[in-house]
Amino acid sequence: MEGVTAGRRQASLSVWKLRTFCLITGASRGFGQQMAKRFAAKLPASSFLLLAARDSASLSATVAAITAANNEIRTKSWVTDLSALDETSVSSYLGKIFEDNSFSPSDFDQAIVVHNAASLGDVSCFACQQSDGTALDAYWKLNLTSVLVLNSSFWKYFTSEIVIQRFTINISSICAKEPLKSWAIYCAGKAARDMLFSTMALEEPSLRVLSYAPGPLDTKMQVEARTLTADTELRNMFHGKCQRHKSHWGSEMRSTCTL
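Residues numbered from 1 in each chain as written. Predicted model: local features only at pLDDT ≥ 70, side-chain atom pairs only at ≥ 80, totals over all residues. Heavy atoms only, no water.

Phe21, Leu23, Leu50, Trp78, Phe154 and Phe158 are the most contacted members of the largest nonpolar core, which totals 30 residues. Elements with a minimum of two residues in this core: strand E1 (20-25), strand E2 (48-53), helix H4 (87-100), strand E4 (110-115), helix H5 (133-157) and helix H6 (184-203). Of the residues forming this core, the biggest block, 6 residues, is contributed by H5. Each residue touching Phe21, except ones within four places of it in the same chain, is listed here: Phe48, Leu50, Leu94, Ile97, Phe98, Phe103, Phe108, Gln110, Ala111, Ile112, Phe154 and Phe158. Membership of the second largest hydrophobic core comes to 23 residues, among which are Ile24, Ala40, Ile66 and Val114. (Core = buried A, V, L, I, M, F, W, Y, C linked by side-chain atoms within 4.5 Å. Buried < 20%, exposed > 50% of the residue type's maximum accessible area, 1.4 Å probe, protein only. Helix = DSSP H or I, 4+ residues; strand = E, 2+ residues; numbered from the N terminus. Contact = heavy atoms within 4.5 Å.)

In C-alpha cells form, the structure reads like this:
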C-alpha cells in the first residue's frame, strides 16, 4: 500500500481533477444545495457525492437535479438528523455506502467534508435571557457535537495513507468574529467551530482545512433573522435600513444562485 500511495501522490493536487468522495451536510436547500450542484459540475467522473439533510423531499430533488445535469457523478442522499448521530451510526452508514456501491475508500484520490449544516438558535432574546437548557443542548449538538462526530468517523475511513488529499470545509460567518446583539448563541457557535477547525489544522498537517464565510445570503435562515431578531438595529439591517452594519455585511444580500 505504501508504494501505491507514493506513486499516486505524484498526481495533480487540483481539487477538481481528483476522483473524490465528498460529503456535504445541509445540502437540501440554500448554500449547501448550490455547493452540491457546483461540486457535481466540476468534479471528475466517478466521483461520489453524499448529501446529508433532514428534508427528504428537498434532498431528493437536489439529487435528481444533479443526476439530470451530470450522470457521471454518483450522488446519494442521506436523510438524517445530524444532532442525533453518534460515531457508531455514522461509521455503520458509511460502511453501508461502500458496500452498496461496491467501492472502498482506496478507490478515491481525494476525500472532502463540507460542514454546512447549521441553525440560527434563539435570536428572539438576549444572552442574559437564554434559559432553555434543552434548546441550548440541542443547538450545541447540531452545530458543534455533530461536526466532531462526523469528522472523527469520516477521517478514520479516509486516512492520509488511503487518499492523496484530504479537505475539510467549515462554512463560517462574520459572526465568528463580531458579536451581534441577540445573536449570542449563533456567534458563540460559529466562533467555537472556527477554533475547532483551526486546532484541527495544527493537529492534522495532512488535512487541508478551510473556514469560509460566504457573506449574507438570501436563505431561509435570513428570513428567520429578519422576523425573529430581538435587537431592533440588527433586525433593521436585515431589511436594508441600517447603514452601520452594512459596512460589515455588504449593501445587498446575495442570492444563493450566484454561488
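Remark: helix H2 (residues 30-42) packs on helix H3 (residues 56-69), axes separated minimally by 10 Å, with the N-to-C direction vectors making an angle of 20 degrees. Judged by the inter-axis angle, H2 sits roughly parallel to H3. Note on packing geometry: the crossing formed by H2 with H3 is right-handed. Contacts between H2 and H3 involve Gln33, Ala36, Lys37 and Ala40 from the former and Ser58, Thr62, Ala65 and Ile66 from the latter. Considered class by class, the residues forming the contact of H2 with H3 number 4 nonpolar, 3 polar and 1 charged. (Axes fitted to C-alpha atoms, helices over the stretch in contact; angles between N-to-C directions. Parallel < 35°, antiparallel > 145°, perpendicular 65-115°, else oblique. Left-handed = near helix turned anticlockwise from the far one by under 90°. Nonpolar A, V, L, I, M, F, W, Y, C, P; charged D, E, K, R; others polar.)

The next thing to look at is the environment of Asp100. Following the sequence through the fold, Asp100 ends up in helix H4. Judged by its relative accessible area of 48%, Asp100 falls in the partly exposed class. A distance of 2.6 Å separates a polar atom in the side chain of Asp100 from a polar atom in the side chain of Lys96. (Polar contact = N/O pair within 3.5 Å; in protein donor to acceptor, adjacent residues only side chain to side chain.)

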